[in-house]
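# Summary of structural features
Each chain is listed here by its residues.
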There are 2 protein chains.
Amino acid sequence: MTNLRLTPLAQSLPATVPFVGPETQERARGAVFDARLGANENVFGPSPRAIEAMAREGQWMYGDPESHDLRAALAQHHGCSPDNIIVGEGIDGLLGYLVRLFIGDGDPVVTSAGAYPTFNYHVAGFGGSLHTVPYVEDHEDPASLFAKAAEVDAKLVYLANPDNPMGSHHNGADIVEAMKALPERSLLVLDEAYVECAPEGTALPLPADDPRVIRMRTFSKAYGLAGARVGYAIGHPGLIKAFHKVRNHFGMNRAAQAGALAALQDQNYFEENLTKIATARERIAEIAEQNGLTPLPSATNFVTIDCGRDVEFAKAILDGLINRGVFVRMPFVAPQNRCIRVSCGTPQMLDLLAETLPAAIADANV
Amino acid sequence: MTNLRLTPLAQSLPATVPFVGPETQERARGAVFDARLGANENVFGPSPRAIEAMAREGQWMYGDPESHDLRAALAQHHGCSPDNIIVGEGIDGLLGYLVRLFIGDGDPVVTSAGAYPTFNYHVAGFGGSLHTVPYVEDHEDPASLFAKAAEVDAKLVYLANPDNPMGSHHNGADIVEAMKALPERSLLVLDEAYVECAPEGTALPLPADDPRVIRMRTFSKAYGLAGARVGYAIGHPGLIKAFHKVRNHFGMNRAAQAGALAALQDQNYFEENLTKIATARERIAEIAEQNGLTPLPSATNFVTIDCGRDVEFAKAILDGLINRGVFVRMPFVAPQNRCIRVSCGTPQMLDLLAETLPAAIADANV
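Residues numbered from 1 in each chain as written. Chains lettered and ligands numbered in written order. Predicted model: local features only at pLDDT ≥ 70, side-chain atom pairs only at ≥ 80, totals over all residues. Heavy atoms only, no water.

### Structural notes on the sheet that holds strand E4 (residues 129-133) of chain B
All names here are of chain B. Spelled out, the test is: At least two DSSP bridges between two strands are needed for those strands to be called paired. Segments assigned H or I by DSSP are reported as helices when at least four residues long, segments assigned E as strands when at least two residues long, and all are numbered from the N terminus. Geometry is summarised by axes, namely lines fitted to C-alpha atoms with helices restricted to the contacting stretch, and by angles between N-to-C directions that run from 0 to 180 degrees. By definition, residues are in contact when any of their heavy atoms lie within 4.5 Å.
Here we have seven strands laid out as an open sheet, ordered E2-E8-E7-E6-E5-E3-E4, and mixed in their pairing. Across the chains shown, the open sheet's two edge strands, defined by having one partner strand only, are strand E2 (85-88) and E4. Neighbour to neighbour, the strand axes of the sheet diverge by 20 degrees on average, direction disregarded. Against the sheet, helix H5 (residues 90-102) contacts E2, strand E5 (156-160), strand E6 (187-191), strand E7 (213-218) and strand E8 (231-234), and its axis sits at roughly 155 degrees relative to E7. Most of the contacts of helix H7 (residues 142-152) go to strand E3 (residues 108-112), to which it runs at about 165 degrees, and overall it touches E3, E4, E5 and E6.

### Concerning the side chain of Lys-221 of chain B
Put simply, the rule reads: Buried residues are those whose accessible area, probed at 1.4 Å on protein chains only, stays under 20% of the maximum for their type, while exposed residues exceed 50% and partly exposed ones sit between those limits. Charged residues are defined here as Lys and Arg on the positive side and Asp and Glu on the negative side; His and the ends of the chain fall outside this count. The working definition used for a salt bridge is a side-chain nitrogen of Lys or Arg within 4 Å of a carboxyl oxygen of Asp or Glu.
Here Lys-221 of chain B is to be found in the loop between E7 and E8. The side chain of Lys-221 of chain B is buried and forms no salt bridge, while Glu-41 of chain B, the nearest opposite charge, is found at 7.4 Å. Apart from residues no more than four positions distant in its own chain, Lys-221 of chain B is found in contact with Tyr-62 of chain A together with Ala-39, Asn-40, Asn-42, Ala-193, Tyr-194 and Asn-301 of chain B.

### Some details on the environment of Gln-257 of chain B
All names here are of chain B. Operational definition: In the analysis that follows, any N or O atom pair within 3.5 Å is treated as a polar contact, provided that within protein one partner can donate a hydrogen and the other can accept it, and provided that, for residues neighboring in sequence, both atoms belong to side chains.
Residue position: Gln-257 is located in helix H10 (residues 254-265). Taking the C-alpha atoms as reference points, Gln-257 and Leu-70, 187 residues apart in sequence, are found 6.5 Å from one another. With residues up to four places along the chain from it excluded, the contact list for Gln-257 reads Gly-63, Asp-64, Ser-67, Leu-70 and Met-252. One polar contact links the side chain of Gln-257 to the main-chain carbonyl oxygen of Asp-64, over a distance of 3.1 Å.

### Some thoughts on unusual backbone geometry
If a residue is not glycine, its phi is most likely negative; likewise, a peptide bond is most likely trans. Residues and elements named next belong to chain A. Of note, the amide linkage connecting Asn-164 to Pro-165 takes the cis form, showing an omega dihedral of 20 degrees. Topologically, Pro-165 is positioned in the loop between strand E5 (156-160) and helix H8 (172-178). The phi dihedral of Asp-138 is positive, around 65 degrees, even though this residue is not glycine. The residue Arg-229 is not glycine, and still its phi comes out positive at about 60 degrees. Summarising the element assignment, Arg-229 is placed in the loop between strand E7 (213-218) and strand E8 (231-234).

### So, the relation of the copies chain A and chain B
Threshold: Least squares is the method used to superpose the copies, on C-alpha atoms of residues holding a pLDDT of at least 70 in both.
With an RMSD of 0.0 Å, the operation that places chain A on chain B is a rotation of 180 degrees combined with a shift of 0.0 Å along the axis. On the angle and the small slide along the axis, the relation comes out as a two-fold axis. Of every C-alpha in chain A, the one belonging to Ala-55 of chain A sits nearest the axis of rotation, 3.1 Å from it. Interface overlap between copies: 99% of the residues of chain A at the interface are likewise at the interface in chain B, consistent with a symmetric, same-surface contact.

### Considering helix H10 (residues 254-265) of chain A
Every α-helix carries 3.6 residues per turn, so stepping three or four residues along brings you back to the same face. Selection criterion: Expected span, for any helix, means 1.5 Å times one less than how many residues it has.
Here H10 of chain A is twelve residues long and its end C-alpha atoms lie 17 Å apart, about the 16 Å a rise of 1.5 Å per residue gives. Burial analysis of H10 of chain A places eleven of its twelve residues in the buried class, which makes it a mostly covered element. Here H10 of chain A has its buried residues at Arg-254, Ala-255, Ala-256, Gln-257, Ala-258, Gly-259, Ala-260, Leu-261, Ala-262, Ala-263 and Leu-264 of chain A. Looking at the buried residues of H10 of chain A, the elements they touch are helix H3 (48-56), helix H4 (68-78) and helix H11 (267-290) of chain A together with helix H2 (22-29) and strand E1 (35-36) of chain B. Between the side-chain oxygen of the N-cap and the backbone nitrogen of Ala-255 of chain A there are 3.0 Å, and the N-cap of H10 of chain A in question is Asn-253 of chain A.

### Side note on the sheet that holds strand E9 (residues 294-295) of chain B
Backbone hydrogen bonds are what pair the strands of a sheet, in a parallel or an antiparallel way. Residues and elements named next belong to chain B. The antiparallel open sheet is built from three strands, whose spatial order is E9-E10-E12. Two strands in the sheet have a free side with no partner beyond their single neighbour: E9 and strand E12 (339-343). Sheet topology note: the strand E10 (residues 302-306)/E12 ladder contains five bridges and is antiparallel. Each residue of the ladder has a partner; that of Thr-304, found in E12, is Arg-341. Each of E9, E10 and E12 is contacted by helix H11 (residues 267-290), which is oriented at about 15 degrees to E10, the strand it contacts most.

### Quick notes on the domain arrangement of chain A
All names here are of chain A. Quick note on the threshold: Reported domain spans reflect what an automatic or database domain assignment gives. Summed over both partners, the accessible surface that disappears when two parts come together, traced with a 1.4 Å probe, is what is meant by buried area.
Per the domain assignment, the segments of chain A are domain 1 (19-44 + 268-365) and domain 2 (48-265). Its C-alpha centre places domain 1 at a distance of 25 Å from the equivalent point of domain 2. Facing 26 residues of domain 1, the contacting portion of domain 2 comprises 27 residues. Carbon and sulfur atoms supply 62% of the area buried between domain 1 and domain 2, which totals about 1,900 Å² over both sides. Together, Phe-270, Ala-299 and Gln-336 form the three largest contributors to the area buried by domain 1 at its contact with domain 2, with a combined 29%. Summed over the shared surface of domain 1 and domain 2, the result is one salt bridge. Between Asp-138 and Arg-338 there is a salt bridge whose closest N-O contact spans 2.6 Å.

### Some words on the pairing of strand E12 (residues 339-343) of chain A
Here E12 of chain A lies mainly inside the structure; five of its five residues are buried. In E12 of chain A, alternate side chains face the same way, and those of Cys-339, Arg-341 and Ser-343 of chain A on one face and Ile-340 and Val-342 of chain A on the other are all buried.

### Details of the pattern of salt bridges
What the rule picks out here adds up to 40 salt bridges over all chains. Across the salt bridge formed by Arg-217 of chain A and Glu-196 of chain A, the nearest N and O atoms sit 3.9 Å from each other. Residue Arg-217 of chain A is found in strand E7, and its partner Glu-196 of chain A is found in the loop between strand E6 (187-191) and E7; the two are separated by 21 residues along the sequence. Both residues of the pair, Arg-217 of chain A and Glu-196 of chain A, count as buried. One salt bridge in this structure joins Lys-155 of chain B and Asp-107 of chain B, with 3.1 Å as the shortest N-O distance. Here Lys-155 of chain B is found in the loop between H7 and E5, whereas its partner Asp-107 of chain B is found in the loop between H5 and E3, with 48 residues between them in sequence.

In structure tokens:
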């Protein structure tokens, strides 16, 4: 190549992917997975009304670049103004825009060691300097995060509540209390992707206008629309407005906007889905216990299972499941990587988990 | 806001949008448009097979981050390798990634004055320095573009063939000939969004591996899937691979991938659509002539109409159409902005154009 005059930053970056997709693994193994339990998708799917709305929408038209109707409905749902809300191509897309707005060469950012890799990917992608603190008893720890933010003068501090990959959570009120130690010069990026699956009181009980925090939400989890790529952020209008400086204004799929709106408006279906998720969580915990493993408490649509030993043991169990057609994932960093992470599945998928887990453990014990 | 520690670049950028969407205009006027002829969409819509494929796809799953099946089919279609192809969230999304990879503070970029504003938006968004050359007889002019690129040592040179907003085109072979003057250190960004609507011989007749150029294609125009947001780029594998450093790997809507694949595989429907587009182009030209205006030759799915006077006159006609429920757009820059731009519409939409244009012209003449 003669013409590859990439920026110095782009030259320094690896051609990487934060997660290998299940389809890539399926192509490598030459067979599809029988149970897709690795990506924290919602196997129960979106509301039939969302499916109808998507089918009805004429895909020959570009989507509304303002996502006006969806933002209006979200504002009503959250009791705020549409000016508090930006809609984007999943939380991943919004995190990318946010990092781009704030982070340049060497700018300090804080997260937990082993938290969401795609956030780290964006920070690296814009040249930021990532500082980490450890999990405390399988929870991300607001106190350590905010102390580290003060120490390094972080522009952004990432916290997921509930947490992925451990499934743990804090009460929203406890985070508000901890925010007394959030430095004034640091913006809290609160990823609430799983909050609809969590106990009452987990969502941050602060007004949307609070300038200290931006909250990330998604239709990919509880609403069952991962394939549609619809996320949104809630924050101060001044911050929300900054997204218009850099975002792909016509990037939102038209049917996806309509599907998300219809899904939001079908709260009965949504509640039924939450019940199915809770039932699946209990079943996964039972299966783990029946096999001598320890399920961690979960406030999400997955259950993280402590395999009780080291990363090699957990990885061997994971490989044993994958080889038997059960797609699961595991945390990246010690000590969390003693675990595997299993998404809520249909009863049939969880039957297959129950059927294959003993053999996977036996393999790992060899 | 206390926390808005944006980068100096982000602070300097306006909160802007390259195009105001028709929905925004509809909300402002309190009524929907009866004829949506302003965004160069394809009113004839996608193949029924694409619609079926999108409806069939389970939206609870994330899309394949490799867009493997679509890339494989595109490679076959273009006679190249899947490694020559990257799929992204429309050409807009891909242009954003490309500019991000190449352009940092003050890096020189060349385009034509009045060419695609979204490319300019991305260049500004990454701090690039944009240099322009004028159109020559309503054509983007490769010779001036490449001479300017040599003069300023441009990293990227943008050329759309066929052109938007003028609808003009060059033979691909003539661009190859002109590329003898393309500086070795400049990458040609050839936007072929409309090339399927153009005469035989318009597409660049160079192998996908040629490192001097990256070509942009889309399913938004001839394939009728603007709402789905599926674009792709064809280029040297070394360049294509660089996109994996920065792109939103899980950004592609799952149903959109399936829809684009099905649309590509239904070439009969595609050919029928091209015929409808050609018929609509002729009708628009007739309507223009019947009203004493001059339609420019078009190699696209729109017709640019020379209103014969200045920008005020053209703008008055445009406003007259919009006020009568006909959404159209116009070029941004003189001398092109003596024109209005009308997308191919259904016969009913073009009847409305024929009905309203005389009154719009009468208004403009007051």
